[in-house]
Amino acid sequence: MGRAKPSAIMLVAEKARQLKAQGRDIISFSIGVPNFLPGAHVYEAARIALERDSGQYGSNRGTDALLDAFLKHIESAGLTGYTRAHCATGIGAKHVLYNLCEALLDEGDGFAFATPYWTTYVDIGEIVGARIQLLPCPPEQEYKLVPDQLEAALASKPKVFLFNNPANPTGMVYTRDEISALADVVARHPDIWVVTDDIYHRMVFDGVGYHHFLHARPELRDRVIFVDSLSKTYGMPGWRVGFMAGPEVVARAVTTLNSNHITNVPEVATAAAIAALAGPQDVPAGKVVEFQARRDQVMAALEAIPGLVCPVPRGAFYAFPDVSVAFGRTHTPTGLRIESDIDLCNALLEAKGVACVPGSAFGEPRALRISYTCPEAQLAPGLQRFREFFAELA
């Protein structure tokens, strides 16, 4: 447990909550919560499950009905040929990722992924004792891996390559050609497991589309594991239901781990998950349109700040601007000196009541993350405060 540490994102969110409790007017761009609720059919399914509660233990892998709903869900994303034996569930995608790392990584094994990264990747890697291999993807390359970079990384033979698309914290989405080029690299390194964290794959903008290594290279399916979740697509982060699809041996290992800690996804959450996956998709589809419009609003505000650079995010609900233009400057009304991303986020919270997560939490200290899922009435005022803050730097 000496290797474990709390989530940097949750620490920022907690500080914002404390200030709000003290009466401060706080607008939070910090935590990646979708801030919408699922359709009424999800709640109805949960109510019926309560009325019919068996009070019994459930399946370590997940109920047949839940696995079948997940299989149809991924078939619509072009991931076909899987059966229940290729799948397993968990208490959210975070739990599934943790199980996968326990199953695939021994102490000292290489664990490679791109920077910027979701903070939990490093945390899990450190807990299981992996040798973390970071692949820096700066804003100059739009925060994306390129084939030569991946080739060099895989030549060192990490045990697991973890790939996130669309990406948190950047909102970047890989095109069909970019995925195909990276898949060609992966194909040349047959001894490496590939985990794709694609929990935002239903949240893609601008007609870019969602693309996966298996679309380009179906022969990789014996060592590729796809991870998904209800949290972002369906506005159900608190329900804690995650999934994986991959080789049978991996799904069996995750199921065995479940049998030794969670036992099963709870019955009511299972019923709600089935309804979300198999029921009407109008709520998540409508939210993609809404989030694209919000993305446009955020980019317009950021582009109006001289010297600030932000590659255009085409998925999820994040923007990740390079804010290094502020370093070495002073916020004149407060006298606060900005020397780092952490200084900037602290000063922004103190001076303007706007909470963002420092980019260093994600391995990129020149940036900060904006999650634009706050209540609609707060988005424009929050962006205005953000612009005012930069205008007040001297």
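This part covers the pairing of strand S7 (residues 224-229). Burial analysis of S7 places 6 of its 6 residues in the buried class, the great majority of the element. By the alternation rule, side chains of S7 split into Val 224, Phe 226 and Asp 228 and Ile 225, Val 227 and Ser 229, which are all buried. When strand S6 (residues 193-197) meets S7, the two strands line up parallel, connected through 4 bridges. Opposite Asp 197, over in S7, you have Val 227 as the bridge partner. Pairing between S7 and strand S8 (residues 242-245): 4 bridges, direction antiparallel. If you follow Asp 228 over to S8, its bridge partner there is Phe 243.

Taken N-terminus to C-terminus, the directions of helix H2 (residues 40-51) and helix H10 (residues 267-278) make an angle of 145°; their axes are 8 Å apart at the nearest point. Classified by chirality, the crossing of H10 by H2 is right-handed. Packed against H2, whose contacting residues are His 41, Val 42, Ala 45, Ala 46, Ala 49 and Leu 50, the element H10 presents Glu 267, Val 268, Ala 271, Ala 272, Ala 275 and Ala 276 at the interface. Split by residue class, the contact of H2 with H10 holds 10 nonpolar, 1 polar and 1 charged.

With 12 residues, helix H7 (residues 176-187) ought to run about 16 Å at 1.5 Å a step, and its terminal C-alpha atoms sit 16 Å apart, in line with that. All of the buried residues in H7 are Ile 179, Leu 182, Ala 183, Val 185 and Val 186. Across the axial projection of H7, the buried residues extend over an arc of 155°, all falling on one side. Of the exposed residues in H7, those oriented more than 90 degrees away from the buried face are Arg 176 and Asp 177. Close packing links the buried residues of H7 with helix H6 (147-155), strand S5 (160-164), S6 and helix H8 (213-216).

With respect to topology, 7 strands assemble into an open sheet ordered S2-S8-S7-S6-S5-S3-S4, the strand pairing being mixed. Where the open sheet ends on each side, the last strands, each with one partner, are strand S2 (87-90) and strand S4 (131-136). In this sheet, adjacent strand axes meet at a mean angle of 20° when their direction is disregarded. As defined by bridge partners, strand S3 (residues 110-115) adjoins S5 across 3 bridges and the pair is classed as parallel.

What follows is about unusual backbone geometry. Cis geometry is found at the peptide bond from Thr 115 to Pro 116, where omega equals 5°. For Pro 116, the location among the structural elements is in the loop between S3 and helix H5 (119-127). The linkage connecting Asn 168 with the following residue, Pro 169, adopts the cis geometry, with an omega of 25°. Here Pro 169 shows up in the loop between S5 and H7. Although it is not a glycine, Tyr 143 adopts a positive phi angle of roughly 60°. Counting through the fold element by element, Tyr 143 comes out in the loop between S4 and H6. Take Tyr 143: its relative accessible area is 4%, and that puts it in the buried class. Backbone geometry at Asp 206 places phi at a positive 60°, although glycine is not the residue there.

Parameters at a glance
- Residues numbered from 1 in each chain as written.
- Predicted model: local features only at pLDDT ≥ 70, side-chain atom pairs only at ≥ 80, totals over all residues.
- Heavy atoms only, no water.
- Buried < 20%, exposed > 50% of the residue type's maximum accessible area, 1.4 Å probe, protein only.
- Helix = DSSP H or I, 4+ residues; strand = E, 2+ residues; numbered from the N terminus.
- Pairing = 2+ DSSP bridges.
- Axes fitted to C-alpha atoms, helices over the stretch in contact; angles between N-to-C directions.
- Left-handed = near helix turned anticlockwise from the far one by under 90°.
- Contact = heavy atoms within 4.5 Å.
- Nonpolar A, V, L, I, M, F, W, Y, C, P; charged D, E, K, R; others polar.
- Expected span 1.5 Å × (residues − 1).
- Arc of directions from axis to C-beta.

Function cannot be read off these values alone, since they describe shape.
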